[in-house]
Amino acid sequence: MNDNINEGILRACLKARFNGEKISGVRIPADGASWQSLGDFVNRHNLGPFFYTAIKKGQIPLAVPDDIMNSWRNGLRRTAVYNALLKQELAAILPELEEMGVQPLLLKGLALHFLYEDILARPSSDIDLLIAREDYVKTRDHLVEKGFNIVMVPGFRGTLPQYIELQENYSTEISLQKRLGVMAVNIDLHWELDGIYDGSPLEKLFPIDQYPWHQHTRTDHWEQLTFKTLTPEMHFIHLITHYALHHQYQGAKWFLDLLLFVHYEGDRLDWDLIDGIAAEPDCRKIIGLTLQLMEDLGVNLPEGVPPTRHFWSGPAFPGEFRFFRKQIFSAPSKIRQYIGYILLPLQTRDKLRVASYYLFDKNAISHWRIQDAPPKIPPPLQPLYLLYRVLTRRG
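Another point: the sheet that holds strand 4 (residues 173-180). Read from one edge to the other, the open sheet built from seven strands follows the order 3-4-5-2-1-7-6, with strand pairing classed as mixed. Edge positions in the sheet fall to strand 3 (149-150) and strand 6 (217-222), since each has one partner strand and no second. Where strand 1 (residues 105-107) meets strand 7 (residues 225-230), two bridges bridge the pair, whose relative direction is parallel. Its bridge partner lying in strand 7, leucine 105 is registered against lysine 228. Docked against the sheet, helix 5 (residues 136-145) engages strand 3, strand 4 and strand 5 (183-190), running at close to 170° with respect to strand 5. Running over the sheet, helix 8 (residues 232-247) touches strand 1, strand 4, strand 6 and strand 7 and is turned about 70° from strand 7.

Another aspect to go through is the pattern of salt bridges. This model, assessed by the stated rule, comprises 21 salt bridges. The residue lysine 146 makes a salt bridge to glutamate 96 at a minimum N-O spacing of 3.5 Å. In this pair, lysine 146 is assigned in the loop between helix 5 and strand 3 and glutamate 96 in helix 4 (residues 66-99), connecting sequence segments 50 residues apart. Overall, the relative accessible area of 25% leaves glutamate 96 in the partly exposed class.

A separate point is unusual backbone geometry. The phi dihedral of lysine 108 falls on the positive side, at around 50°, and the residue is not glycine. Given a relative accessible area of 5%, lysine 108 falls into the buried group. The phi torsion at glutamate 223 lies on the positive side, around 55°, for a residue other than glycine. Tracing the backbone shows glutamate 223 in the loop between strand 6 and strand 7.

This part is about the pairing of strand 5. Of all eight residues in strand 5, seven are buried; the element is thus mostly enclosed. The sheet contact formed by strand 2 (residues 127-130) and strand 5 spans four bridges and is parallel. Residue aspartate 128 lies in a different strand from strand 5, and its bridge partner there is aspartate 188. If you look at the hairpin formed by strand 4 and strand 5, you'll find two residues sitting between the two strands, and glycine 181 has a positive phi there, around 65°.

Another aspect to go through is the nonpolar core. Nonpolar side chains in soluble globular proteins generally cluster together in the buried interior. If you look at the biggest cluster of nonpolar residues, it comprises 120 residues, and the most contacted ones within it are Phe51 and Phe236. Counting residues per element, this core draws most heavily on helix 4, at twelve residues. Those residues within four positions of phenylalanine 236 in sequence are excluded, and the remaining contacts are Leu258, Phe261, Val262, Leu269, Trp271, Ile274 and Ile287.

Turning next to the packing of aromatic side chains. Where two aromatic rings form a pair, the distance of their centres and the angle of their planes describe that pair. Applying the stated criterion across every chain, the model contains 16 aromatic pairs. Between tyrosine 211 and tryptophan 213, the aromatic rings sit 5.9 Å apart at their centres with planes inclined by 40°, giving tilted as the arrangement. Like tyrosine 211, the residue tryptophan 213 is buried in the burial classification. An angle of 10° between the planes, with centres 5.3 Å apart, marks the rings of tyrosine 341 and tyrosine 358 as stacked. With tyrosine 341 in helix 14 (residues 334-343) and tyrosine 358 in helix 15 (residues 348-360), the pair connects residues that are 17 residues apart, well separated along the chain. In this structure, tyrosine 341 and tyrosine 358 share a single accessibility class: buried. Geometry around phenylalanine 18 places arginine 17 over its ring, the cationic atom sitting 5.0 Å from the centre. Over the ring of phenylalanine 114 we find arginine 218, and its NZ or CZ is 5.5 Å from the ring centre.

Cut-offs used in this document
Residues numbered from 1 in each chain as written. Predicted model: local features only at pLDDT ≥ 70, side-chain atom pairs only at ≥ 80, totals over all residues. Heavy atoms only, no water. Pairing = 2+ DSSP bridges. Helix = DSSP H or I, 4+ residues; strand = E, 2+ residues; numbered from the N terminus. Contact = heavy atoms within 4.5 Å. Axes fitted to C-alpha atoms, helices over the stretch in contact; angles between N-to-C directions. Salt bridge = Lys/Arg side-chain N within 4 Å of Asp/Glu carboxyl O. Buried < 20%, exposed > 50% of the residue type's maximum accessible area, 1.4 Å probe, protein only. Core = buried A, V, L, I, M, F, W, Y, C linked by side-chain atoms within 4.5 Å. Phe/Tyr/Trp six-rings, centres within 6.5 Å; stacked < 30°, edge-to-face > 60°. Lys NZ or Arg CZ within 6 Å of the ring centre and 35° of its normal.

This is the structure we're talking about:
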């Protein structure tokens with residue numbers, strides 16, 4: 001089966017799971033090859049553990065062959081082992097940081113334990129910690145003392161010192177890693193949450209770093225782990241802004257987080273508080289867009305969740321909603337990332353400003369270095385260079 005058919009089946013299964021109904025509107029695989037294609041598609045989008053658990057509990061009424069269920073179960077076991085390792089590291093790191101006067105906030109991942117029957121079954125690739133900007137240096141140095149090393153993103157064309165300089169001066173986070181045998185613990189250390197390089201027009205349109213993240217926190221517990229995290233309202237805002245600004249709505253795993261969040265917490269959220277904090281038109285648009293993507297799936301949202309038009313009336317660039325809808329189950333793509341950046345703003349004039357920034361502003365590609373010096377690209381040639389870099393990364 002092709003990916004469009006597989007995506008349709010996944011959408012029907014998610015609708016059945018959240019609405020408590022039978023699967024309808026799609027043809028269930030009828031042979032081994034079709035089941036294998038569907039099983040691989042689910043695994044590719046990191047949904048195997050969720051589907052295995054939901055089918056075992058009868059939440060998704062789908063009779064899946066044993067070999068496919070076994071592959072999802074094996075993925076669940078690997079995920080649980082890795083998440084247990086992350087939990088172990090957190091239990092060691094958090095008290096040490098607090099003794100130093102640092103108050104890290106745990107984001108996503110294990111902090112979403114209240115949404116999942118078994119949070120260890122949610123695929124995670126790292127630990128996300130939010131700290132105050134003034135605590136960054138001592139937090140970084142402490143983690144390095146504990147065996148972590150700063151790691152560059154794949155494809156960065158420069159040295160590690162260049163990468164560190166770029167991230168610390170122009171970005172909002174940095175990644176550290178500690179190897180433990182064949183496994184690695186990754187920490188994304190955030191001092192802001194917008195994920196946008198300084199200078200981008202998106203900064204003013206989505207002033208996420210100005211939101212009162214550290215003023216809306218709570219202490220949470222999961223088994224023997226105690227940690228500070230965001231309040232439900234701020235966590236909801238963070239999940240949406242992270243999905244939109246970091247991933248341009250690419251990735252079914254994060255969409256599932258949001259589906260679960262709205263399903264279980266939507267009728268208890270303080271929507272007036274969300275209105276007051278996410279007050280900018282562009283930020284309200286991505287909240288409305290997220291809710292519209294859920295409605296498009298056919299999921300019944302809980303009572304008390306405002307309608308989409310409360311946040312976004314819906315006028316959009318031709319094909320815009322279809323683009324973001326397709327992003328959910330698309331493979332990562334550099335080209336689609338930049339298209340997503342351009343389409344995110346509410347107003348057409350701002351879309352054009354973002355497009356112009358990436359095409360003509362030299363600072364937009366300052367992270368593409370050649371050995372010890374940034375490339376000297378004449379402004380008229382920058383669009384061609386940008387296209388070349390995107391295409392050579394097979395995006």
